[in-house]
Amino acid sequence: MKIQTLSSYIRRKDMDSVLNCMVTDHLDNGEYYDRFLKTAKEKLRFEFGLALRSPALALSLALDCLDLPEGSIVALSALSDPWVPRLLEQRKLLPFWLDVDAGSACISAAALETLSGSGARALYLAHPWGVMIDPLLLQDVGIPIIEDISTALGGSVDGRPLDAELAASAPVPAATGSGAGGSSAEADDETLPDDSLNYSKAGSLGMFVILGLEHANAITGGSGALLYTNNRRDAQVLRNLAEKVSAVELLADMNAALALSQLKDAERFLEKRGELFKLYEQSLIRAHKKSLMSTREARPAYYGCVVVLDSGIKDVRAYAKKKEVDTMLAFERSCVALGLVPEGSCPVAASLANRALAFPLHPRLGKTAAQKVAKVLATLP
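Draft legend 1. View of the overall build of the chain. The helix and strand inventory of the chain stands at 13 helices and 14 strands. In terms of overall size, the chain behaves like a compact globule, its C-alpha atoms giving a radius of gyration of 20 Å where 381 residues would be expected to give roughly 21 Å. Overall, the chain is about 55 × 55 × 45 Å in size when its C-alpha atoms are taken along their principal axes. When burial is assessed residue by residue, the chain has 55% of its 381 residues classed as buried. When contacts within the chain are restricted to residue pairs at least 6 apart in sequence, those whose partners lie at least 24 apart make up 76%.

Draft legend 2. View of the nonpolar core. Counting 99 residues, the largest nonpolar core has F36, L50 and L227 as its most contacted members. For this core, the element with the highest residue contribution is helix α3 (residues 55–66), accounting for seven residues. Beyond its immediate stretch of four places on either side in the chain, L50 contacts Y33, L37, L61, A225, L226, L227, L238, A242, V245 and L250. L309, I313, L365 and A370 belong to the second-largest nonpolar core, a separate cluster that totals 25 residues.

Draft legend 3. Expanded view of the packing of helix α2 (residues 31–44) against helix α9 (residues 253–264). Running from amino to carboxyl end, α2 crosses α9 at an angle of 30°, the nearest separation of the two axes being 8 Å. The orientation of α2 relative to α9 falls into the category roughly parallel. Here α2 and α9 pass one another in a crossing that is left-handed. Packed against α2, whose contacting residues are E31, Y32, Y33, R35, F36, T39, A40 and K43, the element α9 presents D253, A256, A257, A259, L260, L263 and K264 at the interface.

Draft legend 4. Layout of the pattern of salt bridges. The full count for this structure, using the stated rule, is 14 salt bridges. We note a salt bridge from K13 to D265, for which the minimum N-O separation is 3.0 Å. With K13 in helix α1 (residues 12–22) and D265 in the loop between α9 and α10 (266–287), the pair connects residues that are 252 residues apart, well separated along the chain. Under the relative-accessibility criterion, K13 is labelled partly exposed at 41%. R296 is paired through a salt bridge with D134; the nearest N and O atoms lie 3.0 Å apart. Residue R296 is found in the loop between β10 (290–291) and β11 (298–299), and its partner D134 is found in the loop between β4 (120–126) and β5 (145–148); the two are separated by 162 residues along the sequence. We classify R296 as buried; its relative accessible area is 10%. Looking at D134, the relative accessible area reads 9%, which means it is buried. It is possible to trace a salt-bridge network through shared partners that takes in R11, K13, D14, D265 and R268.

Draft legend 5. Structural detail: unusual backbone geometry. Backbone geometry at H288 places phi at a positive 60°, although glycine is not the residue there. What makes H288 exposed here is its relative accessible area of 72%. Unusually for a residue other than glycine, Y302 sits at a positive phi of about 55°.

Draft legend 6. Fine view of the side chain of R11. Tracing the sequence through the fold places R11 in the segment before α1. Residue class for R11 comes out buried when judged on its relative accessible area of 13%. A polar side-chain atom of R11 sits 2.7 Å from a polar atom in the side chain of D14. Ignoring any residue separated from it by four or fewer positions in sequence, one finds R11 in contact with S261, Q262, D265 and F269.

Each value, and the rule that gives it
- Residues numbered from 1 in each chain as written.
- Predicted model: local features only at pLDDT ≥ 70, side-chain atom pairs only at ≥ 80, totals over all residues.
- Heavy atoms only, no water.
- Helix = DSSP H or I, 4+ residues; strand = E, 2+ residues; numbered from the N terminus.
- Rg over C-alpha atoms; globule rule 2.2 N^0.38 Å.
- Buried < 20%, exposed > 50% of the residue type's maximum accessible area, 1.4 Å probe, protein only.
- Contact = heavy atoms within 4.5 Å.
- Core = buried A, V, L, I, M, F, W, Y, C linked by side-chain atoms within 4.5 Å.
- Axes fitted to C-alpha atoms, helices over the stretch in contact; angles between N-to-C directions.
- Parallel < 35°, antiparallel > 145°, perpendicular 65-115°, else oblique.
- Left-handed = near helix turned anticlockwise from the far one by under 90°.
- Salt bridge = Lys/Arg side-chain N within 4 Å of Asp/Glu carboxyl O.
- Polar contact = N/O pair within 3.5 Å; in protein donor to acceptor, adjacent residues only side chain to side chain.

Written as structure tokens, this is what we have:
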């Protein structure tokens, strides 16, 4: 049986949570919606949030909070999902396309330097396949950031200044940007530097934060998104606008029941993905291949295994398919791949769209399947 690249990890306990919601005969937002928000606030430690029926609704409300006039410019990566610029178009906002770093697929330092002269009023920041950007690059951005952590939940990255003395005295994190992992979630929490040492967690970089709950995100509710903010002043703005959100725009209880069950075990999912990546990493070393990784020390979210190839991608895909391992072009549905970005404006992103190949890495993979994927990675042509 073919091993699929992406999958939502729905377990019996998740089904039971949804079934318990269904038997109440109350599928609108109610008890499970409230429980999901309460648990999310406890785990993510935000000031205020609400759950909506789609990531597009969440982004739209975040833009409402920024009160941008028509014709305003919003910056975004050329590797963003196509629904983002379509929403901007609907709101009569203009995109400013940013190129990316070849090794991480995150927005590049050079691209961020162009923001000051672009007239951009906001930045939409998503983490490609869970890989987090260097927080230092965002220090002088000077505009509000809307951060999308749909694939980066649980990840964090070193945001300390690149100072030799500080680096020499700082504790070494348990996992690095190379993807090393496999220790328990509890052990990772104990060994990671805390916030006082400027380790930036996914969700700490944006004025407003979106956690998508769509199929195959870090966690799923079947659909929907959580929108939240960490700042009291911004929380009041979001709270005021939330009062005007209609019930049909809020996450339904059935989706909230699934998301609640998934969120409770988010650390276990992260641990399982870390174990898989550790296995894959050894295979990639043997094959002399590299995966996307953060440019700084990090506790990765381990959302995916994306291998960047110099050539022969058709041969690699054919080889993996022959071994019953599904693959996909990692950015085949990105804006640049779909022709939404002006030709030639983001050459690195365009190159990655043709050379970055994603292999299966999700908690549904069993030991046998994971070993099969690892073997394919180790013997890539």
